[in-house]
Amino acid sequence: MRPDSIQSKLSALIFALTVVIVAVFTIFLPRVQRAAALQELVDKTRSYGDLVAREVEPAVAFDDRETARETFDALAQDHAVRGIVLFGAGGRQLHVFGEPTSLVPPRVTNAASLETTAAMIRYTAPVVSREGPRGLLVLELSTERLELECARIRRLSLLIGVADLLFGFAGAWLIGRSLARRIRVLAEATKAVAKGELDVVVTVDPSADEAGQLSRSFAAMLRNIQELVAHIAESAATEKQRLDLLVEQRTSELAARNRQMRLVLDNVGQGFLTLDRHGVVGAERSNIVDRWFGEPAAGVSFGAYIAPSDPTAAEWFAIGWEALLDDVLPLEVVLDQLPKTLQSNQRCYRLEYQPIFARGEVDSVLIIISDVTSEVERARIEEMQRDRLHTFQRLVEDRQGFSDFFEESSALVTKIVGFVDGDLVDLKRAIHTLKGNSGLFGLGSVSRACNDIETTMAETEEAPSRSETLDLVQRWQPIAEMVAMVTEPLRDRAEVDRAELSSLAAAITQGEGRSRLAARVRALTLEPVERRLRRLGDHARDVAARLGKPDVQIIQRCDATRVDGQIWGPFWGALVHVVRNAADHGIESPEEREALGKSSRGSITLGAEMTTGGFVIEVRDDGRGIGWDSVAARAAEVGCSAANPRELQDALFHDGLSTRREVSEVSGRGIGLGAVRAACEALGGSVHIHSDGASTGTSVKFQFPPAALAPASVSITSIAS
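The model shown is predicted, which means the values in this text are computed figures rather than measured ones. (Residues numbered from 1 in each chain as written. Predicted model: local features only at pLDDT ≥ 70, side-chain atom pairs only at ≥ 80, totals over all residues. Heavy atoms only, no water.)

Engineer: Is there a simple way to think about the sheet that holds strand β2 (residues 93-98) in this case?
Structural biologist: One open sheet holds the five strands; their spatial order is β2-β1-β5-β4-β3, and the pairing between them is antiparallel. Bordering the open sheet on either side are β2 and β3 (113-116), each of which pairs with just one other strand. Here the strands of the sheet are splayed against their neighbours by 10° on average, with no regard to which way each runs. Bridging between strand β1 (residues 81-87) and β2 involves five bridges; their strand directions are antiparallel. Looking at the pairing, G83 lines up with G98 of β2. (Pairing = 2+ DSSP bridges. Helix = DSSP H or I, 4+ residues; strand = E, 2+ residues; numbered from the N terminus. Axes fitted to C-alpha atoms, helices over the stretch in contact; angles between N-to-C directions.)

Engineer: When you look at the pattern of salt bridges in this model, what are you seeing that I'm missing?
Structural biologist: Pairing of side chains with opposite charge becomes possible as their charged atoms draw close. Applying the stated criterion across every chain yields a total of 24 salt bridges. Across the salt bridge formed by R448 and E383, the nearest N and O atoms sit 1.7 Å from each other. Taken as a pair, R448 in helix α13 (residues 444-460) and E383 in helix α10 (residues 373-397) lie far apart in primary sequence, 65 residues in all. Note that K598 is salt-bridged to E588, the shortest N-O span being 2.8 Å. Remark: E588 occurs in the loop between α18 (565-586) and α19 (590-595) and K598 occurs in the loop between α19 and β14 (603-611); sequence separation between them is 10 residues. Through salt bridges with shared partners, one network takes in E383, R448, D471 and R475. (Salt bridge = Lys/Arg side-chain N within 4 Å of Asp/Glu carboxyl O.)

Engineer: Looking at this model, I keep getting lost on the packing of aromatic side chains. Mind explaining?
Structural biologist: Taken as a whole, this structure holds 14 aromatic pairs when the rule is applied. Between F293 and Y305, the aromatic rings sit 6.2 Å apart at their centres with planes inclined by 75°, giving edge-to-face as the arrangement. Placement of F293 in helix α6 (residues 287-293) and of Y305 in helix α7 (residues 302-306) is noted, with a sequence separation of 12 residues between them. Residue class for Y305 comes out buried when judged on its relative accessible area of 8%. Ring plane angle 35° and centroid distance 6.0 Å describe the contact between W568 and W572, whose orientation is recorded as tilted. Taken together, the residues W568 and W572, both in helix α18 and four residues apart, mark about one turn of the helix. (Phe/Tyr/Trp six-rings, centres within 6.5 Å; stacked < 30°, edge-to-face > 60°. Buried < 20%, exposed > 50% of the residue type's maximum accessible area, 1.4 Å probe, protein only.)

Engineer: Please clarify how the layout of surface pockets should be interpreted in this entry.
Structural biologist: Using a probe with the size of a water molecule, rolled over the atoms, empty space left in the structure can be pinpointed. Empty space within the largest pocket amounts to approximately 1800 Å³. What lines the largest pocket is a set of 37 residues, among which D310, Q343, D452, S467 and E468 lie closest to the centre. Where the lining of the largest pocket is concerned, the elements lending two or more residues are α8 (311-326), β8 (341-344), β9 (347-358), α10, α13 and α14 (466-487). Class assignment for the residues of the lining of the largest pocket results in nine nonpolar, 14 polar and 14 charged. (1 Å grid on protein atoms, 1.4 Å probe; cavity = no way out; pocket = protein on both sides within 12 Å on 5 of 7 lines; lining within 4 Å. Points joined across faces, edges and corners; volume = space filled by probe spheres on them. Nonpolar A, V, L, I, M, F, W, Y, C, P; charged D, E, K, R; others polar.)

Engineer: How do you make sense of the pairing of β14 when you look at a structure like this?
Structural biologist: On a regular strand, one side chain projects to one face of the sheet and the next to the other, so that they alternate. Here strand β12 (residues 553-558) pairs with β14 via six bridges, running parallel. Looking across to β14, one finds that C558 is bridged to A608. As defined by bridge partners, β14 adjoins strand β15 (residues 614-621) across eight bridges and the pair is classed as antiparallel. By the bridge assignment for β15, M610 is matched with F615. Linking two consecutive strands that pair antiparallel, namely β14 and β15, is a turn of two residues.

Engineer: Explanation requested: empty space enclosed by the protein in the structure shown.
Structural biologist: On inspection of all chains with the given rule, the structure shows two cavities of 30 Å³ or more. Of the pockets and cavities examined, the largest cavity occupies roughly 70 Å³. F405, E408, N437, L440, F441, R532, R535, L536, W572 and G573 are the residues that line the largest cavity. Listing elements by their share of the lining of the largest cavity, those giving two or more residues are α11 (399-417), α12 (424-440), α17 (529-546) and α18. The element best represented in the lining of the largest cavity is α17, accounting for three residues. Of the residues assigned to the lining of the largest cavity, the class counts are five nonpolar, two polar and three charged. Taken as a whole, the second largest cavity holds about 40 Å³ of empty space.

Next up, the structure:
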């Protein structure tokens, strides 16, 4: 018999109830009976005591022992009386009966008292005679017979209880066994049905109790189930035949549609393939994908599939796909981080991603690949044509200035393309300067190529690749051809403004000395500083407008100083970085300026003048000033010392240090200031920066000794004076 069977549980329940009942009879009832008998004995003691106290009043009054004896002998018939003591006046003992526990007279009181112990019940009553004397009666009844009777009752109750337990256990076992046997039959039949054995035979219990009713109901239910299953099997066979025909028909239709879809996919100019959640390329894809990139191996990821063609895109894809699996960023952001283009076999492809959802989650991703080589090439050609147009316009507007820019930039292109093994910092400065000057003259394709090279170098810390330098040359070559075509016939000619020519004619008319006239004529072959500053001002205005600061005021203060363009060309080319920083870092947005109580229109001042100490060029803005705390923090990050104001200013010129956290085509790489200081020092000059960082602006001064201007640089103003 298992402990968890119905027989065991029912037997245990009945036995437990029997134990409770027996416990009540053997424990509770004897106690109740003893308490009742004890109370009866107490009442009898009190009655005996009151009766005897009245009967012995004369004995106490007349000190009559005989009267007391006769009264006590009447109680001697009751075997429960253990002893009686009568005390007269003054505590004198008049008579004693039996074996009282104490013969010492208690204290006389006016009220009777009752004391119960384990062996007896003592009743003490005062005896007051009419004649006046007072006595005391002590009556003791033994509880021995009561205890003996209670013990006998307990033994009898225990015996009856044990017998009841035995009979109860036997009855419980028999009842449980009978009920368990009947239910076991149903349980075995139920197990068989649960296993699918519907042909099981159930023995019906003929009894009229609940077990019999359950047995008959189960048998009826089983018959209904058997009939229902038979009906379902017949219906299923019929439905299977119908579904087989339908599946065959639909399969044929689907195969036809798949053939049509395959024809469509294989004859469009785009490639389609799917990736599962792990980035593995699916088996279904367009044939053109295999023609473009080769047939993928089974189970290969998309990153590994495109890695031989474009390792950079493959690495970018692996990082972006990991973000997709992490499911932290929004799906739109993750998909936007995946590579948009792919290079393979000198062709350019555009990648588009379409998520496919299942149960509310991304189950797979459809990649649409388009060959955009012709579009990219067309955009490249259009951009280069715009550069040629800008070149022609600049040559018409300022032939000498653009020619000087071209010669300086051609030297930079030669330096970049011919770089083999040298100082990468110097190479970065050359690329950054070429980018800034190209943007200054509107050569967007060259500026963008330099920006792409800078981005790659920042990631790899290596020199540009052969393909990158070749692309730069291809963008520069049409500009060189245009410049050669326009300037070659005019190479030995000098441009002279009418005002300068009129000034020279006036000097000749006035009879100015030959040496001064010769100096004037030599000065006409040099480049006016004012022209350079004007170009820089135009560039500052354009940069500010692109950055959402359209009303920046350009203030130019310059004398008539001229310098040798070939000597000063590298400095002018690097100075563009300071002007761009003033427009980007310095001047605040109109909203920010108004919030600070400034005019919404910022200003940039470009100045140049001859002083007693030499030649000074200044770039000043009224913007936010330099955040020296940010400079110190960035200096600590790149390992540059900034312990005092001098070192803090030097940190500004450290290559790679920029307070901008994001890199743009305008600024953020931390190379420009280092390049301009190197160009300034190459001319023997020095750089001085002033900014208190309190939104009062920044001043950058370049001071050159007189030796930097001699012998070719002269000032028309000084000659005229």
